[in-house]
Amino acid sequence: MTSKERAGLKAQAMKLDSIFQVGKSSLTPQMIEAVKDALRKRELVKISVLKNCLDEPHEIAEVLAERTGSEIVQVIGKKIILYKKNYELEEKRKRAEKREKQQKKLKKNIRHKTGRV
């Protein structure tokens, strides 16, 4: 991941709320599976490490990234941001953008033919 991509992901993550909290029991297999599922659906996930967790956020981030196949975007304080590219979502976005461009072009042609500019 380039620094430019990482900066863009950090900017996106600023708007996100944490969807997971790592607490006293630290990382459990269920937590790791839940993070995997979230990464599949969202690509970008923010996780909070609670004060009662005995493990360091950097260590938790490394373990999570390894076990979920994701990349660490940032660990700042008690917040962890992970990213995993989902190629299926990327294809859906591209198809939606293509459809949107075609619709705009069609609307433009209709306005031009009817004399409404």
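Residues numbered from 1 in each chain as written. Predicted model: local features only at pLDDT ≥ 70, side-chain atom pairs only at ≥ 80, totals over all residues. Heavy atoms only, no water.

## Looking at the nonpolar core
As a rule of thumb, soluble globular proteins bury nonpolar side chains together.
Line of reasoning, step 1. Grouped together as the largest cluster of nonpolar side chains are 19 residues, with contacts concentrated most on V35, I47, I60, L64, I80 and L82.
Line of reasoning, step 2. Those elements giving two or more residues to this core turn out to be β1 (20-22), α2 (29-42), β2 (44-49), α3 (57-68) and β4 (79-83).
Line of reasoning, step 3. Per-element tally for this core: the top contributor is α2, with 5 residues.
Line of reasoning, step 4. In terms of nonpolar packing, the next biggest core, distinct from the first, is built from 6 residues, A13, V73, I81 and Y83 among them. (Core = buried A, V, L, I, M, F, W, Y, C linked by side-chain atoms within 4.5 Å. Buried < 20%, exposed > 50% of the residue type's maximum accessible area, 1.4 Å probe, protein only. Helix = DSSP H or I, 4+ residues; strand = E, 2+ residues; numbered from the N terminus.)

## Some details on a negative patch on the surface
Line of reasoning, step 1. On the surface, D55, E56, E59, E62 and E66 cluster together into a negatively charged patch.
Line of reasoning, step 2. Take E62: it is sitting in helix α3. (Patch = residues over 30% accessible without salt bridge, like charges linked within 9 Å, V, L, I, M, F, W, Y side chains within 5 Å. Areas by Shrake-Rupley, 256 points an atom, 1.4 Å probe, with all protein chains shown as cover. Salt bridge = Lys/Arg side-chain N within 4 Å of Asp/Glu carboxyl O. Lys, Arg positive; Asp, Glu negative; His and termini not counted. Charge placed at Lys NZ, Arg CZ, Asp CG, Glu CD.)

## Digging into unusual backbone geometry
Line of reasoning, step 1. Backbone geometry places S26, a non-glycine residue, at a positive phi of 55°.
Line of reasoning, step 2. Mapped onto the fold, S26 is located in the loop between β1 and α2.
Line of reasoning, step 3. The class of S26 is buried, set by a relative accessible area of 13%.
Line of reasoning, step 4. One non-glycine residue with positive phi stands out, namely E43, at about 75°.
Line of reasoning, step 5. Its location among the elements puts E43 in the loop between α2 and β2.

## So, the sheet that holds β1
Strand pairing in a sheet relies on backbone hydrogen bonds. The paired strands run either parallel or antiparallel.
Line of reasoning, step 1. Read from one edge to the other, the open sheet built from 4 strands follows the order β1-β2-β4-β3, with strand pairing classed as mixed. Edge positions in the open sheet fall to β1 and β3 (71-76), since each of these has one partner strand only. Each adjacent strand pair in this sheet contributes to an overall mean axis angle of 25°, direction not counted.
Line of reasoning, step 2. As paired elements, β1 and β2 share 3 bridges and run parallel to each other. Following the sheet pairing, Q21 is matched in β2 by S48.
Line of reasoning, step 3. Strands β1, β2 and β4 of the sheet are contacted by α2, whose axis makes an angle of about 150° with β1. (Pairing = 2+ DSSP bridges. Axes fitted to C-alpha atoms, helices over the stretch in contact; angles between N-to-C directions. Contact = heavy atoms within 4.5 Å.)

## Observations regarding the pairing of β2
Line of reasoning, step 1. Taken across its 6 residues, β2 has 6 buried, putting it largely inside the fold.
Line of reasoning, step 2. The alternating pattern of β2 places L44, K46 and S48 on one face and V45, I47 and V49 on the opposite face, and all of these are buried.
Line of reasoning, step 3. Tracing the backbone out of β1, into α2 and back to the parallel element β2 gives a crossover that is right-handed.
Line of reasoning, step 4. Relative to β4, β2 is paired through 5 bridges, and the arrangement is antiparallel. Across the sheet, the residue bridging to K46 is I81, located in β4. (Right-handed = clockwise from strand over helix to strand, strands pointing away.)

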